[in-house]
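Observations on the three-dimensional arrangement
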Amino acid sequence: MYRKIVQSLLASTKTVSAYRNLYSASALGIDGYATQCEKTRTQYLHNVDNFKRKLRDLVASSETNMIFTEDLKNVIHLLDNTPDDKQLLKDTIARYNRQGKELRFGNYVFGPVIMRACHQLGDPGLALELFRETNKDGFFDQLSSYQILSDLLYENGRYREVRELFDSIKGRQIQGGRFPKHCITLTFAACYKENTPASYQYAMDLWKELNSVGHIPMRKATAFAAALALNNGQPEIALEILGTVVKGNYVTIRQLKTVTLCSLGRLDDLLPIFRSVLEVKGHYQEKQQTFCREVVQKVQETLGHTKDSTGSASLKLDLERMIQYLETNGQILDETLDSVMCSEIVSTGQRNPGKNNLAESYNTHGGRQMQRNFRPTKRFDQLRPGLSDMN
């Protein structure tokens with residue numbers, strides 16, 4: 001009986017009518033990309049079509065004609081959502097990568113910027129095609145590229161491919177790590193949304209693997225893993241997963257634990273959870289804690305199915321009084337637990353943003369070129385002018 005209550009609570013994950021991204025555009029650096037696109041268009045004024053025409057002619061011509069870094073940067077930031085422009089991007093990248101790397105003297109990293117362009121276009125197919133065809137030499141081997149691509153796949157409901165992408169990260173040990181926390185979060189989110197026996201098994205195997213190496217996932221990842229266990233009728237596993245979180249009053253952790261305890265029939269353990277929420281109320285330094293109405297309703301349903309006894313009568317009375325107090329004080333909200341769990345992450349929140357924050361990485365790891373002091377020899381000067389210099 002209890003398990004049916006829990007499964008009905010989280011059943012909405014199987015009937016999602018619209019997909020959504022897990023990380024905000026600002027957190028992924030897409031806002032920075034869009035700003036640079038505007039600047040590039042302003043610089044070209046009415047010559048955008050002329051630039052694209054000349055670049056198409058160039059990539060179709062002799063291999064001796066070079067594609068410069070500046071050419072590829074410009075086409076990425078002048079993309080329109082048309083088949084011709086997408087083909088031009090693919091052709092330019094392919095041609096650029098066929099050229100000798102000894103001719104590149106900047107350290108501009110294209111991978112994250114290209115993935116932001118695909119995300120902005122809303123085209124996971126293009127992103128995957130470029131990734132699969134171009135990454136043989138590590139063109140997209142940056143954690144930010146993997147995260148942006150994972151988010152794009154997640155947003156478009158391509159959950160199995162999120163898992164496959166994470167396997168690729170583990171196999172290649174991108175930037176020295178097998179378990180990047182944001183990619184882990186997206187992978188657990190994809191497994192939770194897919195909610196199939198295969199995705200459940202994958203998530204549980206991944207959780208065990210993380211445990212074995214002492215990796216502590218983000219709380220959001222933990223919430224997705226626990227909710228997936230609940231969806232698959234395993235509240236015991238869900239409770240073990242939730243128990244790894246030190247701060248148990250985190251909004252999703254607290255509510256998932258409430259649902260899990262209802263599933264296990266451990267109603268006595270609900271009292272400390274509700275008391276902790278009530279104790280926070282009134283402390284001006286603390287944000288008011290809340291419950292989703294559907295979670296509270298499941299508690300009430302569970303109480304209604306509990307056999308009467310001396311102890312249960314007292315328990316029911318205490319919980320009902322607490323619920324009434326929460327209702328009176330506006331701490332029960334009309335939002336689903338699924339919507340809270342899948343709420344958008346607006347910041348990656350790194351203390352050293354220059355290294356790991358994706359929005360900042362637009363300036364430091366692809367989006368702003370950090371050139372070495374270099375003066376080209378006469379040989380390179382004579383190859384051809386950059387397309388931005390051509391009339």
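This section reports on the structure supplied with the text. (Residues numbered from 1 in each chain as written. Predicted model: local features only at pLDDT ≥ 70, side-chain atom pairs only at ≥ 80, totals over all residues. Heavy atoms only, no water.)

Things to note about the environment of threonine 69
The topology assignment puts threonine 69 in helix H4 (residues 69–77). Sequence separation of threonine 69 and tyrosine 108 is 39 residues, and the distance between their C-alpha atoms is 8.1 Å. (Helix = DSSP H or I, 4+ residues; strand = E, 2+ residues; numbered from the N terminus.)

Here we look at helix H13 (residues 235–242)
Among all positions of H13, only Pro235, Ala238, Leu239, Ile241 and Leu242 are buried. Viewed end-on, H13 has its buried residues packed into an arc of 160 degrees, placing them on one side of the element. (Buried < 20%, exposed > 50% of the residue type's maximum accessible area, 1.4 Å probe, protein only. Arc of directions from axis to C-beta.)

Examining the nonpolar core
The biggest cluster of nonpolar side chains holds 108 residues, and the ones touching the most others in it are Ile76, Ile114, Tyr154, Phe188 and Phe274. Ranked by residues supplied to this core, first place goes to helix H12 (residues 219–231) with nine residues. Filtering out sequence-adjacent residues up to four positions away, isoleucine 114 remains in contact with Ile76, Ile93, Leu130, Phe139 and Phe140. (Core = buried A, V, L, I, M, F, W, Y, C linked by side-chain atoms within 4.5 Å. Contact = heavy atoms within 4.5 Å.)

A short note on the packing of helix H11 (residues 197–212) against H12
Between H11 and H12, the least distance of the axes is 10 Å, while the angle of their chain directions is 130 degrees. Considering their axes alone, H11 and H12 lie oblique with respect to each other. Considering the relative orientation of H11 and H12, their crossing is left-handed. Each of Ser199, Tyr200, Ala203, Met204 and Trp207 in H11 lies in contact with H12, whose residues at this interface are Thr222, Ala225, Leu228 and Ala229. Of the residues contributing to the contact of H11 with H12, the split by class is seven nonpolar, two polar and no charged. (Axes fitted to C-alpha atoms, helices over the stretch in contact; angles between N-to-C directions. Parallel < 35°, antiparallel > 145°, perpendicular 65-115°, else oblique. Left-handed = near helix turned anticlockwise from the far one by under 90°. Nonpolar A, V, L, I, M, F, W, Y, C, P; charged D, E, K, R; others polar.)

So, the packing of aromatic side chains
What describes a pair of aromatic rings is the distance from one ring centre to the other and the angle between the planes of the rings. Across all of its chains, the model carries 11 aromatic pairs by this definition. Judged by centre distance (6.4 Å) and plane angle (15 degrees), the rings of phenylalanine 110 and phenylalanine 139 are stacked. Pair noted here: phenylalanine 110 is in the loop between helix H5 (83–98) and helix H6 (111–121) and phenylalanine 139 is in the loop between helix H7 (124–134) and helix H8 (143–155), with a separation of 29 residues, a long-range link. Three or more aromatic residues link up through ring pairs in this structure, and these residues are Tyr96, Tyr108, Phe110, Phe131, Phe139, Phe140 and Tyr146. (Phe/Tyr/Trp six-rings, centres within 6.5 Å; stacked < 30°, edge-to-face > 60°.)

Observations regarding H8
Taking 1.5 Å as the rise per residue, H8 with 13 residues should run 18 Å; its terminal C-alpha atoms sit 18 Å apart, in good agreement. With respect to burial, H8 is a largely interior element, 11 of its 13 residues being buried. By the burial criterion, the buried members of H8 are Ser144, Ser145, Tyr146, Gln147, Ile148, Leu149, Ser150, Asp151, Leu152, Leu153 and Tyr154. Once H8 ends, the next one or two residues include glycine 157, with phi positive near 75 degrees. (Expected span 1.5 Å × (residues − 1).)

Nothing here speaks to function; it is geometry throughout.
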